[in-house]
Amino acid sequence: MKFNIETERLLLREMRDEDLEGMFELDSNPNVHRYLGNKPIKKIAEAQKVIEGVKQQYKERGIGRWSVINKETDEFMGWSGIRLNTEYNMNGFTTYYDVGYRLIERFWGNGYATESGKAAVQYAFHTMKLPALYATTEKDNRASHNALLKIGLHYVEDFYFEEEAMDLRWYKIENK
């Protein structure tokens, strides 16, 4: 499946095997996983599994996270985009589309999560014609909370995610 969405500074495209080193840099960093249950990966084979999983989502669900590429440098910066969640019961929802992002630490604080997230919402509402999108953050993750609000989502409520024993926040945006 091919995706190619451009923003002012970013290219959002399908995840590829060539993203492996960047994916390992992203998901092996304990700081990146601070609000994700503190489970950074340790082997590059685990990063390959992530990429294969996303590629499988493209085939089975028609959507999955996209690689975030810096248009100036062609660097892999992380991932962003829409995902059809069917694996987890999140706040009473078992099948829903969510918007999310994860960036390599050296790219934090520059508005890339917001920029890529806004593009993902536009895609979800204008191309996919979805009625709503959801998102979650760990309760103490202020940076992600602020990015989701800037993207246009609204904070709904806090809830306890039993499977990972985490206090999370639930967000929603409707297609109007």
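The coordinates are above.
Position numbers for residues start from 1 in each chain and track the written sequence from start to end. Totals for whole chains, interfaces and linings use all residues, but because this is a predicted model, local features are given only for residues with pLDDT of at least 70 and pairs of side-chain atoms are given and counted only at 80 or more. With hydrogens and water set aside, each side-chain value is computed from the structure's full complement of heavy atoms.

## Some remarks on the packing of aromatic side chains
Piece 1. Ring geometry is summarised as follows: Phe, Tyr and Trp rings, the Trp one being its six-membered ring, pair when their centres sit within 6.5 Å, and such pairs are stacked at plane angles under 30 degrees, edge-to-face over 60 and tilted between the two. Taken as a whole, this structure holds 14 aromatic pairs when the rule is applied.
Piece 2. Plain terms: the ring middles of F3 and Y58 are 5.5 Å apart, the flat faces sit at 55° to each other, and that makes the pair tilted. Here the residue F3 occupies a position in the segment before β1 (4-6), and Y58 occupies one in helix α2 (residues 44-61), the gap between them amounting to 55 residues.
Piece 3. Judged by relative accessible area, F3 falls into the buried class, the value being 6%. Helix numbering and strand numbering both begin at the N terminus, where a helix is a DSSP run of H or I of at least 4 residues and a strand a DSSP run of E of at least 2. Between buried and exposed lies partly exposed: a residue is buried under 20% and exposed over 50% of the maximum accessible area for its type, with that area taken using a 1.4 Å probe on protein chains only.

## Notes on the side chain of H145
Piece 1. Here H145 is to be found in helix α4 (residues 142-151).
Piece 2. The contact definition used throughout considers only heavy atoms, calling two residues in contact when any of these lie within 4.5 Å. When neighbours within four sequence positions are excluded, H145 is seen to be in contact with T137, Y155, R169 and Y171.

## Comments concerning the packing of helix α3 (residues 112-127) against α4
Piece 1. The angle between two axes is taken between their N-to-C directions and runs from 0 to 180 degrees, where each axis is a line fitted to C-alpha atoms and a helix contributes only its stretch in contact. At their nearest, the axes of α3 and α4 sit 9 Å apart, and the two run at 40° to each other. As the angle between them shows, α3 and α4 are arranged oblique. In this structure, α3 meets α4 at a crossing whose hand is right-handed. Residue-level inspection shows A113, T114, G117, K118 and V121 of α3 in contact with α4, the latter providing A147, K150 and I151.
Piece 2. Considering only residue class, the contact of α3 with α4 consists of four nonpolar, two polar and two charged. Our angle categories are set so that under 35 degrees counts as roughly parallel, over 145 as roughly antiparallel, 65 to 115 as roughly perpendicular, and the remainder as oblique. Take the far helix as the reference: if the near one is turned anticlockwise from it by less than a right angle, the crossing is left-handed, and if turned clockwise, right-handed. When residue character is reported, Ala, Val, Leu, Ile, Met, Phe, Trp, Tyr, Cys and Pro are called nonpolar, Asp, Glu, Lys and Arg charged, and the others, Gly included, polar.

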